[in-house]
Amino acid sequence: MANILQNLQIIILNSNILVLKKRIQAFAQLGAYLRSSDHSGDFFLEQIELRNPWYTRENVNLQLRTIGENLQPDKLTDWLSGVPDQPVDKTVGLILAGNLPLVGFHDIMCVLLTGFKASIKTSSEDAGLTHYVVEKLIELEPAFAEKIELVEQLKQFDLVIATGSNNSARYFDYYFGKYPHIIRKNRNSVAILSGDETPEELHALGRDIFDYFGMGCRSVSKLFVPQSYPLERLLDQLEPFAPIAGHTKYRNNYDFNKSLYLINKDPHLDNGFLLLREHSALSSPLAVVHYEVYGDLQQLSAELQSFSEDIQLVVTNCSIDTGDIPQFALGDAQRPGLNDYADNVNTLDFLIKNQ
């Protein structure tokens, strides 16, 4: 009898391992699909910019490629090495932002790969893109159909992961505070320059500023530069990004902020598609990047760590201690890996602790 029970336990354990492997395989297949082409000819993706003008094909394809690069078998297996092989009968309510294409995909992935059900409330700005990718995942692994529900309002859930503005975070905390939760607020990203950057590095910084029109929490909205830094040189190196001014909504923001600065006689630099303004605030208006002069990297390190909860990440090639604030090389802000969690809160750990 003991041998029968032992064999039964082994069968159950192996079954759970296969379930996890099957999930990994499905996401790896999704990754291969996302990496496979530019998806030209896909009617849904061809039309998505009509539903949300900020979701340009260039930005959507960039996000699809970035996600696809992470969804490779070895990367997924290493990342999930600490996930227990056990069934989970709980639902996670997900409230997703819509400022970027598929900005909430990492949360969906964490929930499904740890065995939870996902009750997903997408943003009104999502333009159906999350549904599009979820349907592809279900096509690859039909068992996920019972694990995913897209809803207009969260009703049945055991845990909550919600992303929004500072104002909506207060609302989320009021309604969901009694459940295990992750509630994310506004954050901004900054760049620290030394003055020794190569032209290639400054061009890479342009991606951190302009990818997704600078609308993400990983977008650089503030520069810290040394005294006598040649800002005009930086603007010259950003010239290849000038076509962004052809986007109507971006251009409207640029024109509005430029007019405001001219009327108020606020000093600023202007290269025709980006405004640089000296200002202490981390957050800057669209088409504007704030800058601030620093005198000492050690002092700057202490300053940044004093308001680390407002900073998503730092991009720099300087040698500086940023404490718990993640650092990335110039150009890599919008290319997070699987272990790069929003607000530096490990989503996998949160889910595992609440299984």
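For the structure itself, look to the data block above.
Residues numbered from 1 in each chain as written. Predicted model: local features only at pLDDT ≥ 70, side-chain atom pairs only at ≥ 80, totals over all residues. Heavy atoms only, no water.

Colleague: Please clarify how the overall build of the protein chain should be interpreted in this entry.
Modeller: If you tally the helices and strands in the protein chain, you get twelve helices and twelve strands. Computed over its C-alpha atoms, the radius of gyration of the protein chain comes to 22 Å, within 12% of the 20 Å expected for a compact globule of 355 residues. Seen through its C-alpha atoms, the protein chain measures out along the principal axes to roughly 85 × 50 × 40 Å. Sorting the 355 residues of the protein chain into buried and exposed places 48% on the buried side. Within the protein chain, contacts between residues separated by at least 24 positions form 72% of all contacts whose residues are at least 6 apart in sequence. Carbon and sulfur atoms form 49% of the exposed surface of the protein chain, whose accessible area is close to 17,300 Å². Charge centroids of the protein chain, computed over 30 positive and 45 negative side chains, lie 6 Å from each other. (Helix = DSSP H or I, 4+ residues; strand = E, 2+ residues; numbered from the N terminus. Rg over C-alpha atoms; globule rule 2.2 N^0.38 Å. Buried < 20%, exposed > 50% of the residue type's maximum accessible area, 1.4 Å probe, protein only. Contact = heavy atoms within 4.5 Å. Areas by Shrake-Rupley, 256 points an atom, 1.4 Å probe, with all protein chains shown as cover. Lys, Arg positive; Asp, Glu negative; His and termini not counted. Charge placed at Lys NZ, Arg CZ, Asp CG, Glu CD.)

Colleague: Help me understand the pattern of salt bridges in this model?
Modeller: Pairing between side chains becomes possible if they bear opposite charge and their charged atoms approach one another. This structure, assessed with the given rule, holds nine salt bridges. Across the salt bridge formed by Arg335 and Asp211, the nearest N and O atoms sit 3.5 Å from each other. One end of the pair, Arg335, is in the loop between β12 (327–328) and α12 (347–353); the other, Asp211, is in the loop between α8 (199–210) and β7 (220–226), and 124 residues separate them in sequence. Judged by its relative accessible area of 12%, Asp211 falls in the buried class. The closest approach of N and O atoms between Asp255 and Arg251, which form a salt bridge, is 3.3 Å. In this pair, Asp255 and Arg251 are both assigned in helix α10 (residues 248–264), four residues apart and thus about one turn of the helix distant. Overall, Arg251 belongs to the partly exposed group, its relative accessible area being 31%. (Salt bridge = Lys/Arg side-chain N within 4 Å of Asp/Glu carboxyl O.)

Colleague: How do you make sense of the packing of aromatic side chains when you look at a structure like this?
Modeller: The description of two aromatic rings rests on the distance between their centres and on the angle between their planes. Going through the model one piece at a time under the given rule, you end up with 13 aromatic pairs. With 5.9 Å between their ring centres and 65 degrees between their planes, Tyr171 and Phe172 make a pair best called edge-to-face. Residue class for Tyr171 comes out partly exposed when judged on its relative accessible area of 47%. On the accessibility criterion, Phe172 (7% relative accessible area) is buried. An aromatic cluster is present here, built from Phe157, Tyr171, Phe172, Tyr174, Tyr175, Phe176 and Tyr179 joined pairwise through their rings. (Phe/Tyr/Trp six-rings, centres within 6.5 Å; stacked < 30°, edge-to-face > 60°.)

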